[in-house]
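What follows is the residue order along each chain.
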Amino acid sequence: MAKRPDSDSFLDMFSRFGRDLKVPNVEAILAHHRKNLEALERSARAGAAGATSLLSRQREMLQDTLREVSDMAQSYKAPGNPQELMTKQAEFARKSFEAALKNAGEVAELVKKSGTESVEILRSRIKEAMEEIRSGYDKK
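Residues numbered from 1 in each chain as written. Predicted model: local features only at pLDDT ≥ 70, side-chain atom pairs only at ≥ 80, totals over all residues. Heavy atoms only, no water.

## Some points on the overall build of the protein chain
Counting its regular elements, the protein chain contains 3 helices and 0 strands. Ordering the α and β elements of the protein chain from the N terminus gives α-α-α. A fraction of 65% describes how many contacts in the protein chain between residues 6 or more apart in sequence connect residues 24 or more apart. Approximately 11300 Å² of the protein chain is accessible, and the part contributed by carbon and sulfur atoms is 61%. (Helix = DSSP H or I, 4+ residues; strand = E, 2+ residues; numbered from the N terminus. Contact = heavy atoms within 4.5 Å. Areas by Shrake-Rupley, 256 points an atom, 1.4 Å probe, with all protein chains shown as cover.)

## Quick look at the packing of helix α2 (residues 26-75) against helix α3 (residues 82-139)
In contact at an axis separation of 9 Å, α2 and α3 are set at 175 degrees when each is read in the N-to-C sense. Relative to α3, the element α2 lies roughly antiparallel. The residue inventory of the contact of α2 with α3, partitioned by class, reads 15 nonpolar, 11 polar and 8 charged. (Axes fitted to C-alpha atoms, helices over the stretch in contact; angles between N-to-C directions. Parallel < 35°, antiparallel > 145°, perpendicular 65-115°, else oblique. Nonpolar A, V, L, I, M, F, W, Y, C, P; charged D, E, K, R; others polar.)

## Focus on the environment of valine 107
With respect to the helices and strands, the residue valine 107 is situated in helix α3. Each C-alpha atom of the pair valine 107 and leucine 55 lies 9.3 Å from the other, and the pair is 52 residues apart in sequence. Sequence-distant contacts of valine 107, defined by excluding residues within four places in its chain, comprise Leu54, Gln58 and Met61.

## Concerning α2
Helical geometry: 3.6 residues make up each α-helical turn, so side chains three or four residues apart lie on a common side. The end-to-end C-alpha separation of α2 is 73 Å, in line with the 74 Å expected for 50 residues at 1.5 Å each. Turning to α2, its buried residues are Val26, Leu30, His32, Ala39, Ser43, Ala46, Gly50, Leu54, Arg57 and Met61. (Expected span 1.5 Å × (residues − 1). Buried < 20%, exposed > 50% of the residue type's maximum accessible area, 1.4 Å probe, protein only.)

## Section: the confidence of the model for the protein chain
Overall, the predicted model of the protein chain reaches an average pLDDT of 82, with 88% of residues at or above 70. Predicted confidence in the protein chain is weakest over helix α1 (residues 10-20), with a mean pLDDT of 76, and strongest over α3, with 86. (pLDDT = per-residue confidence, 0-100.)

## Considering the pattern of salt bridges
When the charged atoms of two side chains with opposite charge come close together, those side chains can pair. Tallied over the entire structure, the rule returns 12 salt bridges. The shortest N-O distance in the salt bridge between lysine 95 and glutamate 91 comes to 4.0 Å. A residue pair is termed a helical-turn pair when its members lie 3 or 4 positions apart in one helix, as lysine 95 and glutamate 91 do in helix α3 at 4 residues. Salt-bridge contacts for glutamate 128 lead to arginine 125; the nearest nitrogen and oxygen are separated by 3.2 Å. With glutamate 128 and arginine 125 both in helix α3, this residue pair falls 3 residues apart, about one helical turn. With a relative accessible area of 39%, glutamate 128 lands in the partly exposed category. One salt-bridge network, held together by shared partners, links Lys35, Arg125, Glu128 and Glu132. (Salt bridge = Lys/Arg side-chain N within 4 Å of Asp/Glu carboxyl O.)

Written as structure tokens, this is what we have:
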């Protein structure tokens, strides 16, 4: 007699349990839930991909910022008069502020895109599930 694998999936265990108890339509019920689990998996993957993309982009932004600060520090020479010093400091502050705003906007857009994609996967599955339920009632 062949040995059953130790790693039956959750749905396989319920399928076998339902068949053993002679639950009517157990396969249809499990097919419905299988689709739900698959949608959750796709949503989680989309969220993980979005998080990976976000972290990668934030790392790039940090590297760019550090490179710019390093370049500025290397090219910085103490000016002879306070007016030149104030002008250089104001220019650096302006560039830093503009870069921070641009980066914050880009990060917000990446977060929005990732969240929207994950939610849309789940929304689509909920809509399908409702249609499946309606069609099940229509058949009766």
